[in-house]
Amino acid sequence: MSQTLLELVQVLFLLVVLLALVKPLGGFMARVYQGERTFLTPLLAPVEGLLYRISGVQPDDEMGWKRYAWSMLLFNLVLFSGLFALLLTQHLLPLNPQKLPPFSWQLALNTAISFTTNTNWQNYSGEQAASYLTQMAGFGLHNFASAATGMAIVIALIRGFSRRKSSAIGNFWVDLTRGTLYILLPISIIAALLLVSLGVIQNFSPYKTVPLVQSVSYDKPKLDDKGAQLKDAKGNPVTENVIAKEATIPMGPVASQEAIKELGTNGGGFFNANSAHPFENPTPLTNFVEILLILLIPASLTYTFGLMVGNTRQGWMLLGVMILLWLLCFGVLQGVEQAGNPLVAKLGVSGGNLEGKETRFGMVASNLFTVTTTATSCGAVNSMHDSLTPIGGMIPLSLILLGEIVFGGVGSGLYTMLAFAIIAVFVSGLMIGRTPEYLGKKIEVQEMWMSIITILTAGVVVLILSGLAMITPSAVASMSNPGTHGLSEVLYAVASMANNNGSAFAGLNGNVPFYNLLGGLAMTIGRYIPAVAVLAMAGSLAEKKYIPPSLGTLPTDKLPFAVWLTLVILIVGALTFFPALALGPIVEHLTMR
């Protein structure tokens with residue numbers, strides 16, 4: 001069996017394992033959010049009750065959508081403020097054996113917004129900038145809280161579909177607590193222990209300095225006091241020759257952070273190399289586990305949705321659309337990367353495009369991770385996306401631009417997919433000349449407006465802010481590549497921030513005031529305007545009466561609707577972003593050919 005075929009068998013095995021876990025985990029999450037007894041109830045119910053008593057929460061006090069939204073926004077504001085303060089004062093706090101300095105206020109602002117919004121965009125190098133306390137009490141806490149927030153929002157939307165003539169969609173504090181306590185925390189503990197057993201490090205040791213067997217000489221880019229790369233009068237990077245006689249090996253509590261980083265589709269790397277670093281992701285087996293963790297909750301939430309609305313076929317239909325798009329994108333990416341760069345092939349180099357990929361994973365596992373992390377809002381990377389071929393780079397970029405509805409972030413992916421489903425139902429209803437219905441609820445003006453806001457907010461932000469970046473001198477100066485690839489770098493960066501992904505092409509210096517401030521704006525708008533729109537839609541749906549299906553009702557749990565939904569997703573994406581993609585990766589591909 002060839003190496004590539006063996007790796008493709010691993011992809012099939014991943015899909016089998018994922019599908020095997022969807023039903024049990026999805027059913028468990030439905031019971032948790034509905035307050036039913038689970039096997040963890042005897043252990044965790046006393047803890048849950050204690051948390052409610054300490055915080056003054058009445059678990060039976062349900063909220064309307066406005067109160068639910070204000071509670072979510074207030075909670076996130078408090079989280080942001082705490083992390084912002086921590087980043088500015090980490091040099092004064094314990095668990096900082098390397099004596100790392102504080103973040104600048106612009107970088108602290110960008111980073112605090114990033115982790116609060118589940119984006120985890122990193123304009124810093126983790127091992128050189130963040131103390132152990134910052135990694136755990138700051139980033140780790142937000143990894144749990146931002147993931148639980150997204151899950152709470154989609155559960156509120158599901159209640160909007162399942163309830164009849166109700167003004168309440170649940171209690172945000174209860175949903176937040178249960179999502180963290182019963183779902184995220186137990187799975188993260190198991191995953192962290194598994195990762196430690198497979199070689200991921202976990203310690204509080206100071207960094208290790210070891211001598212090199214042989215000195216290494218290399219050219220190092222010179223940076224100014226703000227961390228930007230210096231250039232000469234002709235615009236060429238300024239470098240200096242450095243001779244290294246020893247190496248510093250970073251340490252830290254990595255496994256515990258890695259588990260929730262992937263499970264919560266957060267993506268912020270403990271190290272700058274993220275999941276390409278051997279301390280975060282040492283073997284093909286850990287790579288398999290991390291991909292599975294990224295997909296686990298987003299995929300299982302589709303079954304949770306089906307159970308809570310009383311029709312599991314609806315959930316399986318949505319999952320089928322997600323898997324179809326995921327496999328389609330993986331197939332295209334694998335094909336173009338295996339074909340490689342024809343300009344390199346002319347030099348006699350064959351074997352596909354291996355630049356930027358870890359040999360310990362291989363091409364298939366690297367491409368699968370790339371598609372998975374951008375199909376979700378995870379943003380973790382085990383290879384350099386900037387080194388992909390032009391069409392290869394367009395695949396993860398397109399997945400982000402679609403709103404990461406192919407599985408998506410925990411919660412956010414499903415509620416964006418449901419917004420697409422509502423639009424698909426509405427358009428089909430216009431075609432047959434009757435009022436559109438979805439899951440027994442009439443889809444009217446309120447639901448359409450909220451669905452449009454949910455789907456198009458990030459896209460509008462991407463196009464406007466990308467255009468602004470291309471006419472701002474300081475932003476253009478941060479581009480390490482000119483022409484079409486430079487445009488792709490900027491478009492990818494803004495798309496990643498506005499859609500709360502966090503991955504990057506990495507050829508762009510984002511740690512400048514313009515991108516720190518612009519990125520903070522993009523991440524805030526991209527997270528909270530769609531989230532509030534979804535909660536408003538949940539409130540509107542909950543107040544509607546249930547309409548039994550009739551002969552004229554469009555069946556939304558069958559194959560024809562799945563195909564129609566897929567087409568709607570692709571058409572909306574093409575109409576919104578094709579001009580930008582044409583100017584970037586498509587032109588670059590034609591130039592390469």
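No experiment lies behind these values; they were computed from the predicted model shown.

### Some points on a nonpolar patch on the surface
And step 1. Taken together, the side chains of Val445, Trp449, Ile452, Leu456, Val460 and Ile464 present a nonpolar region at the surface, about 570 Å² in accessible area.
And step 2. Structurally, Val460 can be placed in helix 15 (residues 445–470).

### Things to note about helix 4 (residues 105–116)
And step 1. Here helix 4 spans 16 Å end to end across 12 residues, near enough to the 16 Å set by a 1.5 Å rise per residue.
And step 2. Most of helix 4 is tucked away, with 10 of its 12 residues classed as buried.
And step 3. By the burial criterion, the buried members of helix 4 are Gln106, Leu107, Ala108, Asn110, Thr111, Ala112, Ile113, Ser114, Phe115 and Thr116.

### Considering the domain arrangement of the protein
And step 1. Under the domain assignment used here, the protein contains domain 1 (25–202 + 256–297) and domain 2 (208–249).
And step 2. Here the C-alpha centre of domain 2 lies 36 Å away from the C-alpha centre of domain 1.

### Thoughts on the side chain of Glu447
And step 1. Its location among the elements puts Glu447 in helix 15.
And step 2. For Glu447, a relative accessible area of 0% corresponds to the buried category.
And step 3. Residues within four places of Glu447 in sequence aside, it is in contact with Ile422, Lys442, Met537, Ser540, Leu541 and Lys544.

### Points about the pattern of salt bridges
Between side chains of opposite charge, a pair can form as their charged atoms come close.
And step 1. As enumerated under the stated definition, the model contains 11 salt bridges in all.
And step 2. Among the ionic pairs, Arg178 bridges to Glu48, the shortest N-O distance being 2.8 Å. Remark: Glu48 occurs in helix 2 (residues 41–55) and Arg178 occurs in helix 7 (residues 172–197); sequence separation between them is 130 residues. You'll find Arg178 and Glu48 in the same group, each marked buried.
And step 3. As a salt-bridge pair, Arg360 and Glu358 come within 2.8 Å of each other at their nearest N and O atoms.
And step 4. Residue Arg360 is classed as partly exposed on the basis of its relative accessible area, which comes to 24%.
And step 5. You can call Glu358 partly exposed: its relative accessible area is 28%.

### Focus on the packing of helix 6 (residues 132–162) against helix 7
And step 1. Look at helix 6 against helix 7: their axes get within 8 Å of each other, and the N-to-C directions meet at 125°. What the angle tells us is that helix 6 and helix 7 run oblique. Note that helix 6 runs across helix 7; the crossing there is right-handed. Here Phe144, Ala145, Ala147, Ala148, Thr149, Met151, Ala152, Ile155 and Arg159 of helix 6 come into contact with helix 7, specifically with Phe172, Asp175, Leu176, Thr180, Ile183, Leu184, Leu185 and Ser188.
And step 2. Classifying every residue of the contact of helix 6 with helix 7 gives 12 nonpolar, three polar and two charged.

### Considering the packing of aromatic side chains
And step 1. Summed over all chains, the structure comprises 19 aromatic pairs.
And step 2. Ring centres of Phe28 and Phe39 lie 5.5 Å apart, and the angle between their planes is 40°; this geometry places the pair in the tilted category. Taken as a pair, Phe28 in helix 1 (residues 3–33) and Phe39 in the loop between helix 1 and helix 2 lie far apart in primary sequence, 11 residues in all.
And step 3. You can call Phe28 buried: its relative accessible area is 7%.
And step 4. Here a set of aromatic residues connected by ring pairs shows up, and it is made of Tyr68, Phe75, Phe172 and Trp173.
And step 5. The cationic tip of Arg164 hangs over the ring face of Tyr546; the distance from NZ or CZ to the ring centre is 4.2 Å.

### Quick word on helix 2
Helical geometry note: an α-helix holds 3.6 residues per turn, so side chains three or four residues apart project in the same direction.
And step 1. When the terminal C-alpha atoms of helix 2 are compared, their 20 Å separation across 15 residues agrees well with the 21 Å that a helix rising 1.5 Å per residue should span.
And step 2. Along its buried surface, helix 2 packs onto helix 7.
And step 3. Looking one or two residues beyond helix 2, the residue adopting positive phi is Gly56, at roughly 75°.

### Some thoughts on the confidence of the model for the protein
And step 1. Taken residue by residue, the protein gives an average pLDDT of 91. The fraction at 70 or more is 98%.
And step 2. The least confident element of the protein, judged by mean pLDDT, is helix 11 (residues 342–345) at 78; the most confident is helix 7 at 97.

### So, the packing of helix 7 against helix 8 (residues 254–263)
And step 1. The N-to-C vectors of helix 7 and helix 8 enclose an angle of 125°; their axes lie 8 Å apart at closest approach. Classified by the angle between their axes, helix 7 and helix 8 sit oblique to one another. Two packed elements cross with a definite hand, and for helix 7 against helix 8 that hand is right-handed. Packed against helix 7, whose contacting residues are Leu184, Ile187, Ser188, Ala191, Ala192, Leu195 and Val196, the element helix 8 presents Ala255, Ser256, Glu258, Ala259, Ile260 and Leu263 at the interface.
And step 2. In terms of residue class, the contact of helix 7 with helix 8 is made up of 10 nonpolar, two polar and one charged.

The rules behind the values
Residues numbered from 1 in each chain as written. Predicted model: local features only at pLDDT ≥ 70, side-chain atom pairs only at ≥ 80, totals over all residues. Heavy atoms only, no water. Patch = residues over 30% accessible without salt bridge, like charges linked within 9 Å, V, L, I, M, F, W, Y side chains within 5 Å. Areas by Shrake-Rupley, 256 points an atom, 1.4 Å probe, with all protein chains shown as cover. Salt bridge = Lys/Arg side-chain N within 4 Å of Asp/Glu carboxyl O. Helix = DSSP H or I, 4+ residues; strand = E, 2+ residues; numbered from the N terminus. Expected span 1.5 Å × (residues − 1). Buried < 20%, exposed > 50% of the residue type's maximum accessible area, 1.4 Å probe, protein only. Domains from an automatic or database assignment. Contact = heavy atoms within 4.5 Å. Axes fitted to C-alpha atoms, helices over the stretch in contact; angles between N-to-C directions. Parallel < 35°, antiparallel > 145°, perpendicular 65-115°, else oblique. Left-handed = near helix turned anticlockwise from the far one by under 90°. Nonpolar A, V, L, I, M, F, W, Y, C, P; charged D, E, K, R; others polar. Phe/Tyr/Trp six-rings, centres within 6.5 Å; stacked < 30°, edge-to-face > 60°. Lys NZ or Arg CZ within 6 Å of the ring centre and 35° of its normal. pLDDT = per-residue confidence, 0-100.

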